[in-house]
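Architecture at a glance
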Amino acid sequence: MNFELLYTVFKETNYLKERFIVLLQYIVSNFKSIGHPVEFSMFPIQATIDERFLKSIPTKNGEWKVLRRGGFFGPNASGKSSFIKSIAFARDFIVDGQKSGKGIRIDQFRGDFEELKGISTFQFVFYLNGEVYEYGFSLDRYQIHEEWLMQLIETGFVPLFTRVTDSLGKTEIDIESKFARKNSKERILAEVLKESIQENQKNQLFLYKLHDNGIKKAEKIVDWFRSLQIIFPQTKVRALPIRMKADIELQNYIAEMLRKMDTGVFNVSVASKEIDFHDFAEKLEVPQEIIDDIEDIRNGIVSFAGKYFIFAENKKKRTMLVQLKFDHKLNGKSVPFDIDEESDGTQRLLDLLPMLFAMREDSNAIYFVDEIDRSLHTKLSQYLLNEFINCGKNTYNQIIFTAHDVNLINTNDFRQEEIWFIEKNNLGESRLRPLSDFNLQNGQDALKAYLSGRFGAIPMIRRDF
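Quick look at the structure, then. Note on numbering: residues in each chain are counted from 1, in written sequence order. In keeping with the model being predicted, local features are shown solely for residues with a pLDDT of at least 70 and side-chain atom pairs are shown and tallied solely at 80 or more, while totals for entire chains, interfaces and linings include all residues. Only heavy atoms go into the side-chain values, all of them from the structure, while hydrogens and water stay out.

Below, the discussion takes up the overall build of the protein. The numbering of helices and of strands both runs from the N terminus, where a helix is a DSSP run of H or I of at least 4 residues and a strand a run of E of at least 2. Secondary structure summary: the protein contains 11 helices and 20 strands in total. A contact between two residues is defined here by any heavy atoms of the two lying within 4.5 Å. Relative to all contacts within the protein whose residues are 6 or more apart in sequence, the contacts with residues 24 or more apart total 65%.

This is the structure:
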């Protein structure tokens, strides 16, 4: 039996409950299959008269319209997952920081373009509580080369701070009055922190140092990145059975959606009981190394094989087994199934449905979902993406997803700017273009045009082997 220790201690992250966040633009270079810069935008083209699926945000530079969805299509190994992984790398590097003096573990493009100089760049333009910011940084495996934070005013972007390391290794950081007033406590602290970027700290982001020392403007920016929700095919919703046990509304919602989507499940419940973990582990032949890891946990939660074990140690060590049960009607009888007995499609829906549930409560988040169609029928994928719009009519949630199912390429359900094609050029680097770059006439079948090769980004089956 294959086991994976997913979480040792359960921690509920407490993000800002009242926030207004939107991704506007993202540029990345020299990461995995991405060589030269690729640019992704959530802005509609100006010439469009299609007002569907847009939201308006008030900015210092007027009212801007933004998209709420973006979908990536292309052949296998074209770079779809690389794009999502670049977002995950940047988020984690910003939020978690980097130990001083340590090398930076980044997977760069292996084609070694001389003009890229071994440097990777990540640049975000985003909206946060009424303000538009641009934040970016460039780095190699040893140090940060550039870093900047800018804010939009009536006339354009102005810098809050900029950082540059020259060819001799000298780092200069300029902090502007827009970031913090002269002689203010935050400005004085920021000036002290910039002097601390010495040789063994050149691998650390200045933004992280500001945040780590309690400077509020930096904390808000880092919280924006922390709120990015990234879902890969192997990502599981943390402690879902425990959340469903505590939230009957969530439990009922997931049961209702599984019924609606014809999965064969007519009810979902949460079963819990106290157990002797050693007896249970012996029965399931749990590997000794996992048992050893669990022995070190006095209070916390461990998950493997779809089951959650809650450990609480007072006078006596107690273990509670918590797991989901899925009721099916077989031969007129109700039969409970464990999660590992459910189909891959049903398990995938359990990864995605909590996202839709959260939108019903006017939450605001940005979701990146790799292979949203994995193990799902086309109609289910279409339903989920349309439900994303319907559930979040009163919110500013956004979803950026990758998919292999080309049947989702449909201009009746998507604006042209929401559909992106990604493929590798003859140098082996991923390139990105939106459908709106092509001259698609009204009423023309986008899927048929795509499959004919008009937009590229389709696999070429070689016949010369």
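A few words now on the sheet that holds strand 9 (residues 156-165). Ordered by their spatial adjacency, seven strands build an open sheet running 2-1-6-7-8-9-10, and the pairing between neighbours is antiparallel. Looking at which strands have only one partner, the edges of the open sheet turn out to be strand 2 (38-41) and strand 10 (171-175). Going across the sheet, the axis of each strand differs from the next one's by a mean of 15°, ignoring polarity. When strand 7 (residues 131-139) meets strand 8 (residues 144-153), the two strands line up antiparallel, connected through seven bridges. Of the residues in strand 8, the one forming a bridge with Y133 is Q151. On top of the sheet, helix 4 (residues 216-226) reaches strand 1 (21-29), strand 6 (120-128), strand 7, strand 8 and strand 9; it is set at about 100° to strand 6, its chief contact. Two strands qualify as a pair provided that DSSP identifies no fewer than 2 bridges between them. Note on geometry: axes are lines fitted to C-alpha atoms, helical ones only across the stretch in contact, with angles between N-to-C directions running from 0 to 180 degrees.

It is possible for side chains of opposite charge to pair when their charged atoms get near one another. Put simply, a salt bridge is a Lys or Arg side-chain nitrogen that is within 4 Å of an Asp or Glu carboxyl oxygen. Per the counting criterion, the structure on display carries 16 salt bridges. The partner of E418 in a salt bridge is R69, with the nearest N and O atoms 3.0 Å apart. Here E418 is found in the loop between strand 18 (398-403) and strand 19 (419-424), whereas its partner R69 is found in strand 5 (residues 69-73), with 349 residues between them in sequence. The partner of R348 in a salt bridge is D351, with the nearest N and O atoms 3.6 Å apart. Residue R348 and its partner D351 are both found in helix 9 (residues 344-359); the two are separated by three residues, about one turn of the helix. Comparing R348 with D351, the two get one shared label, buried. Burial classes follow relative accessibility: with a 1.4 Å probe on protein chains only, a residue under 20% of its type's maximum area counts as buried, one over 50% as exposed, and anything between as partly exposed.

We now examine unusual backbone geometry. Of note, F53 is a non-glycine position whose phi angle comes to about 60°, a positive value. Its place among the elements puts F53 in the loop between strand 2 and strand 3 (54-59). For N331, which is not a glycine, the phi torsion comes out positive at approximately 55°. Turning to its location among the elements, N331 is positioned in the loop between strand 15 (317-330) and strand 16 (333-337).

Now for the packing of aromatic side chains. In this analysis, rings of Phe, Tyr and Trp, with Trp reduced to its six-membered ring, are considered paired at centre separations within 6.5 Å, and the interplanar angle assigns stacked below 30 degrees, edge-to-face beyond 60, and tilted for intermediate values. Scanning all chains against the criterion turns up 34 aromatic pairs. Each ring, one from F161 and one from F179, has its centre 6.2 Å from the other, and the planes form 85°; the classification is edge-to-face. With F161 in strand 9 and F179 in the loop between strand 10 and helix 2 (185-195), the pair connects residues that are 18 residues apart, well separated along the chain.

This part covers the nonpolar core. Core analysis: the biggest nonpolar cluster contains 62 residues, and F122, F124, Y135, F179, W224 and F225 have the highest contact counts within it. Tallying contributions element by element places helix 1 (residues 80-96) first for this core, with nine residues. With residues near it in sequence (within four places) discarded, Y135 still touches I94, F122, Q123, F124, F126, E147, W148, L149, F161, L205, L207 and F225. Residues enter a nonpolar core if they are buried and are Ala, Val, Leu, Ile, Met, Phe, Trp, Tyr or Cys, with the set joined through side-chain atoms within 4.5 Å. Of all hydrophobic cores here, the second largest spans 57 residues; its members include L250, L353, M359 and L435.

Here, expected helix span is obtained from the residue count minus one, scaled by 1.5 Å. Given a rise of 1.5 Å per residue, 16 residues ought to cover 22 Å, and the 24 Å separating the end C-alpha atoms of helix 9 matches this to within 8%. By the largest-angle criterion, D351 marks the main kink of helix 9, which is about 35°, and a proline, P354, follows within four residues. Taking burial as the measure, the 16 residues of helix 9 include 14 buried ones, the bulk of the element. A residue's bend is simply the angle between two axes: one fitted to the seven residues ending at it, one to the seven starting at it.

Turning next to the pairing of strand 1. With nine of nine residues buried, strand 1 lies mostly within the body of the structure. Bridge count between strand 1 and strand 6: eight bridges; the pairing is antiparallel. Considered in strand 6, the bridge of S29 is made with T121. Two strands pair when backbone bridges link them, and strand 1 and strand 2 are joined in this way by four bridges, in the antiparallel orientation. Each residue of the ladder has a partner; that of I27, found in strand 2, is E39.

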